[in-house]
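# Analysis of the macromolecular model
Okay, here's what each chain looks like letter by letter:
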Amino acid sequence: MTQKEKWRELLLKIILIVGGITLTLFPVVYALQDKWFFAAIEGLSGLFLWIAFVVVVTRHTYSWPARIGWLGVMLVLVVLLFTGGISGTGLYWWTLMPIISFILFGSKKGLRALLTGYLVFFSIVFLRHFHVVEIYYSMTEMVMGLSAVAVVSILMYNYENIAGKTRDEAQQKADLLTEQAEQKQAVENKLIENLNKLEDEKEKQYDIRTAMLNLLEDAKDLEKQLQQEKAGVEEKIIERTQELSNTKAKLDSSIENLPLGFIMSDIKEKLVVTNTLANTILEGKDQKDNLNKLKAVLKDKLDLGKYIKNCGKDKKSLVFTDIEINGRFFQFLLSPIIVKETNEVCIGIVILIQDITEAKNLERSKDEFFSIASHELRTPLTAIRGNTSMILEYYANAIKDPELKAMVDDIHSSSIRLINIVNDFLNVSRLEQSRMVYDLKETNLDKLIPEIIKEYDVTSSRQKISIDYTPPKATIPTVMADTDKVRQVLINLLGNALKFTTKGGVVISIATEDKFVKVLVTDTGRGIPLKQQSLLFHKFQQTGSSLFTRDTAGGSGLGLYISRMMIEGMGGEVKLERSEENIGSVFSFSLPIANKTNKVDRLTKLHLSENEKVDNNKA
Amino acid sequence: MTKILIVEDDPLMSRMYQKIFKFEGFEVDFASNGEEGLDKIRTGKPTLVLLDIMMPKMNGLEVLDKVKIDPDTKDIPIIMLTNLAGTQDAEAALTKGAVKYIIKSEYEPKQVVNMVKEILAGYTRDAVPAAS
């Protein structure tokens, strides 16, 4: 505390004590005069005034102009008290006005309260002056009171402005100081922080340096190791590359030398590979062009672009045959490329183009050969057979010589056998080329079989072997069959049975079995040895025959083979049910029972009838 | 007398059928191609014709067509001769009005005569053929 402030403090104390004593003085005087009412008022007014004074001077937040202002007010009031107070006019209550305005801190509210007070005051003065009401205090007191109030008010107002401003300034200063202090603190903190950081950094750098040194050492080792490994890898790469290029060369060479046109495309048709043969066939400018040409060629059969995109639809291969390009015929095999290792992903397609012109020509000439052979062989054979039979019938007298008759007989039976063989060959060729026509009709086997047996019984010459038909116990459903083929098969089985049976008889029976009707031919013949049973139904197989002994049975060796093919062609099966040597054999064939699905026309049409082919050939 | 016309280009076959029909007491005439056959059908008015399908100049089916559209000849029964069974040509002949088709290699000459006799028996009962 400075000297100046000490003085001020002392001054304030003195003023306060003096003020307090002075204010107590008046009530005490009134009380001594027994004027208790005035004493109370003076006392209260003095108390209020004093409190206000104490408040003002002890509040340190008030700046010095405010305090001086208040001291001024106090002075005026003290003067006022000394001049008019004791006369008992009671205007002290006006001292409340500055107190109110002080409490209200010079705000507008305070101002309004002041003005209202003035109005009341002036009204009283006005009313007294014109003697409207009689008030008994003097005009001097009124003016003094008025002046005191005015001075106080003006001072108060100014004080508030000054005090407010000062307060603001002080606040601002304080704020500024706080701010500066804060800034300073911040700077300090930062400095400390930076210092710490620097310390850390230093440590780190040290660590790093150490680490780097270590690393450098490691790196040297690593480099050595790497170099070794690199050398190894390079070797391996060279090796693999070599392997790869070998494989590629092999593949390229294989593809290039394929006897097939080869086209490979990925599913986006971006990568297309073709070989020279494909180029030759399709005559495309480049590989892409080849693919486009191929699209054009196949456009009637398949949308190739779509096929490639969908990767062969359901990853299925397709074959198109007999496609003509520039007078030659080709077969196209389209096949998706599927990588089995990776979830069967399809990566593209391969198209193989095979020139089948030669094969077609060959097939055609083979077909033609058989047709011509049939025609050309059978006509003279028929003539031989016809003429010998006529000799035997109409010139019996002319060939009385038994030797001559036997010779003519042999010629006749030879011709019959030859015709049968030629017929068998023709049948086989037709069956094998799937060109056999089946005229499938609903057939009642229970009716057909006795008819065939009857017919056969009349035409076949044999001794003491009986052919019997055992009618079925239950009704037999109709089957889908070509009656001519059934006839051929049954006659073949019957013929075989008779051929190998010397005593006893042959029994034919029918029975329903699941969805088939089965025809059984049971004989009492010599039976088939077990080891030969598996050879039945194959081409040129005769049981118990070698190349030199086969003639004894006197057939082409195609009978059962043809029977099998024909029955299978009608959806049935030929079987050797059982066979025991010297006891007999049971052969059977089955045919599917007629139902809604197989009743639809299953007739397979020939592309060209054989007659037409022979005509072509003749022309 | 029953007159049989054999239209067949192969002399072996033709002669064989001629003989058997002669032996069996038929009057026999023959032609060795389609045109000649058609002529002889028109002029000779046979009771029955054996007509081969494959022949030079005019094939059997063409002859059959012409015979069947001519009111004078359409009632003459015609049996087709063929080499192979079940061919479209033979089946077509039946729809065009042939009575039957015979696969030459499958029958002895005598059996062919028997078939002809059977057919003619049917016709004489109904007294249809005009030429007899």
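Quick note: structure is the one above.
Let me sum up the structure you'll find in this document. Per chain, residues are indexed from 1 in the order of the written sequence. Chain letters and ligand numbers both follow the written order, the letters beginning at A and the numbers at 1. In keeping with the model being predicted, local features are shown solely for residues with a pLDDT of at least 70 and side-chain atom pairs are shown and tallied solely at 80 or more, while totals for entire chains, interfaces and linings include all residues.

### Looking at the overall build of chain B
Stated precisely, the cut-off is as follows: We count a stretch as a helix when DSSP gives it H or I for four or more residues in a row; a strand needs E for two or more, and each element gets its number in order from the N terminus. Backbone-placed C-beta atoms define the burial measure: a residue is buried with 20 or more other C-beta atoms within 10 Å of its own, exposed with 12 or fewer, and partly exposed in between. Residues are defined as contacting one another if the C-beta atoms placed from their backbone atoms lie within 7 Å.
For chain B, the count of helices and strands is five helices and five strands. The proportion of buried residues among the 132 residues of chain B is 39%. In chain B, 60% of the contacts between residues at least 6 apart in sequence involve partners at least 24 apart.

### Examining helix α3 (residues 60-69) of chain B
Residue and element names in this part refer to chain B. This is how the line gets drawn: Here the arc refers to the directions that run from the helix axis out to each C-beta atom.
Those residues of α3 lying buried are G60, L61, V63, L64 and V67. Each buried residue of α3 lies within a common arc of 155° when the element is viewed along its axis, so the set occupies one face. Buried residues along α3 sit in contact with β1 (3-7), α2 (34-44), β3 (48-52), β4 (78-82) and α4 (88-95).

### With respect to helix α12 (residues 402-432) of chain A
All names here are of chain A. Selection criterion: What a helix should span is 1.5 Å times the count of its residues minus one.
With 31 residues, α12 extends 44 Å between its outermost C-alpha atoms, agreeing within 8% with the 45 Å of an ideal straight helix rising 1.5 Å per residue. H412, S415, N423, L426, N427 and R430 are the residues of α12 that are buried. Directly beyond the C-terminal end of α12, a positive phi value near 55° is found at S434.

### With respect to the sheet that holds strand β10 (residues 516-522) of chain A
Paired through their backbone hydrogen bonds, the strands of a sheet run either parallel or antiparallel. Residues and elements named next belong to chain A. Using the following cut-off: Should DSSP find at least two bridges between two strands, the strands are taken to pair. Only C-alpha atoms enter the line fits that serve as axes; for helices the fit covers just the stretch in contact. Angles between N-to-C directions range over 0 to 180 degrees.
The strand order across the open sheet built from five strands is β7-β9-β10-β12-β11, with neighbouring strands paired in mixed fashion. Each end of this open sheet is capped by a strand with a single partner; those strands are β7 (466-470) and β11 (573-580). This sheet shows a mean twist of 20° between the axes of neighbouring strands, independent of strand direction. Sheet analysis places strand β9 (residues 505-513) next to β10, joined by seven bridges and oriented antiparallel. If you follow S509 over to β10, its bridge partner there is L520. Sheet strands in contact with helix α14 (residues 483-499) are β7, β9, β10 and β12 (584-592), and its direction is about 25° off that of β10. The strands touched by helix α16 (residues 559-569) within the sheet are β11 and β12, with β11 carrying the most contacts at an inclination of about 135°.

### Some details on the environment of Q18(B)
Residues and elements named next belong to chain B. With respect to the helices and strands, Q18 occurs in helix α1 (residues 11-23). Between the C-alpha atom of Q18 and that of F30, which follows or precedes it by twelve residues, the distance is 7.6 Å. Every residue in contact with Q18, bar those within four places of it in the chain, is listed here: I6, V28 and F30.

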